[in-house]
Amino acid sequence: MSYHCPACNKVSHSSLDLARHMIGRGDKVHRDWIYSKGFKYSELLRLQIQSFGGEGFKALSDVLEAETKVED
């Protein structure tokens, strides 16, 4: 199973890896997609910095898993 980035079509093997990609890129296209799903990019970054459990990645990962999954 793979996940395709809705902003640039990068292929990832897990939704968590795709979430890391989306937050890590941080360019306008990726931020706009994140905002369109009701998240604030700055809030996801804050969660990553302040928590040890990767909560920013996990929150975005749940949405990505539901919306970007592609059967191989």
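Use the structure listed above.
What counts, and where the lines are drawn
- Residues numbered from 1 in each chain as written.
- Predicted model: local features only at pLDDT ≥ 70, side-chain atom pairs only at ≥ 80, totals over all residues.
- Heavy atoms only, no water.
- Helix = DSSP H or I, 4+ residues; strand = E, 2+ residues; numbered from the N terminus.
- Rg over C-alpha atoms; globule rule 2.2 N^0.38 Å.
- Buried < 20%, exposed > 50% of the residue type's maximum accessible area, 1.4 Å probe, protein only.
- Contact = heavy atoms within 4.5 Å.
- Axes fitted to C-alpha atoms, helices over the stretch in contact; angles between N-to-C directions.
- Parallel < 35°, antiparallel > 145°, perpendicular 65-115°, else oblique.
- Pairing = 2+ DSSP bridges.
- Core = buried A, V, L, I, M, F, W, Y, C linked by side-chain atoms within 4.5 Å.
- Salt bridge = Lys/Arg side-chain N within 4 Å of Asp/Glu carboxyl O.
- Expected span 1.5 Å × (residues − 1).

Asks: Talk me through the overall build of the chain; I want residue IDs and the actual numbers.
Replies: Of regular secondary structure, the chain possesses four helices and three strands. Going from N to C terminus, the chain has its helices and strands arranged as β-β-α-α-α-α-β. Expected size for 72 residues packed as a compact globule is a radius of gyration near 11 Å; at 11 Å, the chain falls within 12% of this value. A principal-axis box enclosing the C-alpha atoms of the chain has dimensions of 35 × 25 × 20 Å. Per-residue burial over the chain gives 35% buried out of 72 residues. When contacts within the chain are restricted to residue pairs at least 6 apart in sequence, long-range pairs at least 24 apart make up 47% of them.

Asks: Tell me about the packing of helix H3 (residues 41-50) against helix H4 (residues 55-67), and please be specific about residues and values.
Replies: Across the interface, H3 lies against H4 with an axial gap of 6 Å and an inter-helix angle of 135°. One finds that H3 runs oblique with respect to H4. Across the interface between the two elements, Leu-44, Leu-47 and Gln-48 of H3 pack against Glu-55, Gly-56, Phe-57, Ala-59 and Leu-60 of H4.

Asks: Describe the sheet that holds strand S2 (residues 11-12), naming the residues involved and giving the relevant values.
Replies: Read across the sheet, three strands follow the order S2-S1-S3 without closing on themselves; strand pairing throughout is antiparallel. Where the open sheet ends on each side, the last strands, each with one partner, are S2 and strand S3 (69-70).

Asks: Could you give an account of the nonpolar core, with specific residues and numbers?
Replies: Inside soluble globular proteins, nonpolar side chains tend to come together where they are buried. With 14 residues, the main nonpolar core has Leu-18, Met-22, Ile-23, Trp-33, Ile-34, Leu-60 and Leu-64 as its most contacted residues. Broken down by secondary-structure element, the contributors of at least two residues to this core are helix H1 (15-25), helix H2 (28-36), H3 and H4. In contact with Leu-60, other than residues within four places in its own chain, are Ala-19, Met-22, Ile-23, Trp-33, Ile-34, Phe-39 and Leu-44.

Asks: Please provide a residue-by-residue account of the pattern of salt bridges, values included.
Replies: Side chains that carry opposite charge are capable of pairing whenever their charged atoms lie near each other. Inspection of the entire model under this criterion finds four salt bridges. With a closest N to O distance of 3.6 Å, Arg-25 and Asp-27 form a salt bridge. Residue Asp-27 is classed as partly exposed on the basis of its relative accessible area, which comes to 27%.

Asks: Give me the lowdown on H4, citing residues and values where you can.
Replies: Between its first and last C-alpha, H4 extends 19 Å over 13 residues, near the 18 Å set by a 1.5 Å rise per residue. Residues of H4 that are buried include every one of Gly-56, Phe-57, Leu-60, Ser-61, Val-63 and Leu-64, and no others. Buried residues in H4 make contact with strand S1 (2-4), H1, H2, H3 and S3.

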